[in-house]
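Descriptive analysis of the structure
In case you want the letters, here they are:
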Amino acid sequence: MILIADCGSTKIDWCLLNGNEKVAQIFTTGMNALLLTEEEMTERIKAELMPHIVNYKVDEIYYYGAGIISDEIKGHVVNALKANIPTATKIEVDSDLLAAARALCQHEPGVACIMGTGSNSCYYDGEKVVDNVSPLGYILGDEGSGAVLGKLLVGDVLKKQLPEHICEKFLKEYDTDRTKIITAVYRQPAANRYLAQFAPFLQNNMDEPAVHDLVVRAFTAFFQRNVASYDNYKNLPCNFVGSIAFYQKKALTEAAEALGITIGTIIQAPMEGLIKFHSK
């Protein structure tokens with residue numbers, strides 16, 4: 001049997017396959033391998049995953065996760081998995097970016113992008129990631145992401161760059177004001193997730209020209225500062241995984257077409273694509 005893990009900082013989506021048949025799908029607490037010790041990951045897998053798969057013999061594990069940025073960190077994750085699942089004779093640990101590329105492109109070359117709370121992109125040659133423009137996070141980069149869309153929105157609201165009725169609607173809908181926003185962004189942890197929570201407001205108000213323009217400009221910046229850096233990008237499909245891309249398909253496509261970029265597949269989450277990629 002094959003065990004696939006799509007691991008983010010918030011949750012992990014585990015899927016157990018027997019050939020191409022889905023045997024079980026389990027959701028557990030997320031793990032960022034950059035922030036947790038090997039022992040902490042071992043204990044979390046033992047407590048949250050193992051009770052669900054204890055009666056199955058797992059032969060192969062494919063783990064894609066947040067924070068997988070070095071061979072040392074990969075080793076920690078491999079050891080945590082081995083400690084809990086000793087029957088596995090093959091354990092492959094890699095980044096969430098490779099997960100996106102495999103889920104979106106399968107065995108064909110293309111540009112694969114993540115666009116959720118954060119954003120990222122790569123050129124995938126059909127087997128491996130061969131080029132990646134550093135996303136840099138929501139302060140320096142992450143163009144088009146939920147965090148950056150939220151940042152642009154609250155900045156324009158507080159500086160009164162959007163029409164008055166939109167500003168009033170936003171502040172009322174979220175029961176917030178300048179002081180609350182400044183405190184949350186500059187004094188509280190996880191400002192990126194705080195800002196990303198406002199992305200649905202944009203989606204729900206796309207009929208407002210000012211909101212539409214804000215979103216399209218953000219997506220245009222993503223293409224210009226990331227995708228345009230890859231060789232032959234205009235002749236390859238540009239594919240996306242993530243909630244922002246999924247719910248903002250129309251605006252994303254509009255920004256792409258204006259730059260001569262062809263949108264390919266857009267999916268909300270990578271697991272179904274990973275199941276197809278790894279199915280025997």
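What this report covers is the structure whose coordinates are included nearby. In this text the structure is predicted, and so the values were computed from the model without any measurement.

Calculation criteria
Residues numbered from 1 in each chain as written. Predicted model: local features only at pLDDT ≥ 70, side-chain atom pairs only at ≥ 80, totals over all residues. Heavy atoms only, no water. Helix = DSSP H or I, 4+ residues; strand = E, 2+ residues; numbered from the N terminus. Expected span 1.5 Å × (residues − 1). Buried < 20%, exposed > 50% of the residue type's maximum accessible area, 1.4 Å probe, protein only. Salt bridge = Lys/Arg side-chain N within 4 Å of Asp/Glu carboxyl O. Contact = heavy atoms within 4.5 Å. Patch = residues over 30% accessible without salt bridge, like charges linked within 9 Å, V, L, I, M, F, W, Y side chains within 5 Å. Areas by Shrake-Rupley, 256 points an atom, 1.4 Å probe, with all protein chains shown as cover. Pairing = 2+ DSSP bridges. Axes fitted to C-alpha atoms, helices over the stretch in contact; angles between N-to-C directions. Parallel < 35°, antiparallel > 145°, perpendicular 65-115°, else oblique. Left-handed = near helix turned anticlockwise from the far one by under 90°.

A few words now on helix α11 (residues 209-225). The terminal C-alpha atoms of α11 lie 24 Å apart, and with 17 residues this matches the ideal 24 Å at 1.5 Å per residue to within 8%. By the burial criterion, the buried members of α11 are V211, L214, V215, V216, A218, F219, T220, A221, F222 and F223.

On to the pattern of salt bridges, then. Scanning all chains against the criterion turns up 6 salt bridges. A salt bridge links E92 to R102; the shortest N-O distance between them is 2.6 Å. On the criterion of sequence distance, the pair formed by E92 in strand β5 (residues 90-95) and R102 in helix α4 (residues 96-105) is long-range, its members being 10 residues apart. Taking relative accessible area as the criterion, E92 reaches 21% and is therefore assigned partly exposed. Residue class for R102 comes out buried when judged on its relative accessible area of 10%. For the salt bridge of D125 with K128, the shortest nitrogen-to-oxygen distance reads 3.2 Å. You can call K128 partly exposed: its relative accessible area is 46%.

With that out of the way, let us pick up unusual backbone geometry. For Q106, which is not a glycine, the phi torsion comes out positive at approximately 55°. By secondary structure assignment, the location of Q106 is in the loop between α4 and β6 (110-115). Positive phi is not limited to glycine here, since L136 has a value of about 75°.

For N18, the position within the fold is in strand β2 (residues 11-18). N18 sits in the partly exposed class, given a relative accessible area of 40%. With sequence-adjacent residues up to four places away left out, N18 is seen in contact with M1 and V23.

Moving on to a nonpolar patch on the surface. Side chains of L34, L35 and I69 sit close together on the surface and give an oily, nonpolar patch of about 350 Å² of accessible area. Tracing the chain through its elements places L34 in the loop between β3 (21-29) and α1 (38-48).

The 5 strands lie next to each other as β3-β2-β1-β4-β5, forming an open sheet whose pairing is mixed. Two strands close off the open sheet at either side, each with one partner strand: β3 and β5. Averaged over neighbouring strand pairs, the angle between their axes works out to 15° when direction is ignored. Sheet topology places strand β1 (residues 2-7) next to β2; 6 bridges connect them, and they run antiparallel. Following the sheet pairing, I2 is matched in β2 by L17. Sheet strands in contact with helix α14 (residues 271-278) are β1, β2, β3 and β4 (60-65), and its direction is about 150° off that of β1.

Between helix α6 (residues 146-158) and α11, the least distance of the axes is 10 Å, while the angle of their chain directions is 140°. On the basis of their axis angle, the class for α6 and α11 is oblique. Where α6 crosses over α11, the two elements pack in a sense that is right-handed. Facing L149, L152, L153 and D156 of α6, the residues of α11 in contact are L214, V215, R217, A218 and F219.

Moving on, we come to the sheet that holds strand β9 (residues 238-241). Pairing is mixed across the open sheet formed by 5 strands, whose spatial order is β8-β7-β6-β9-β10. Each having just a single partner strand, β8 (129-131) and β10 (263-267) make up the two edges of the open sheet. Neighbouring strand axes in the sheet, compared pairwise and without regard to direction, differ in orientation by 35° on average. One ladder, built from 2 bridges, connects strand β7 (residues 119-124) with β8; its direction is antiparallel. Within β8, the residue paired with Y124 across the bridge is V129.

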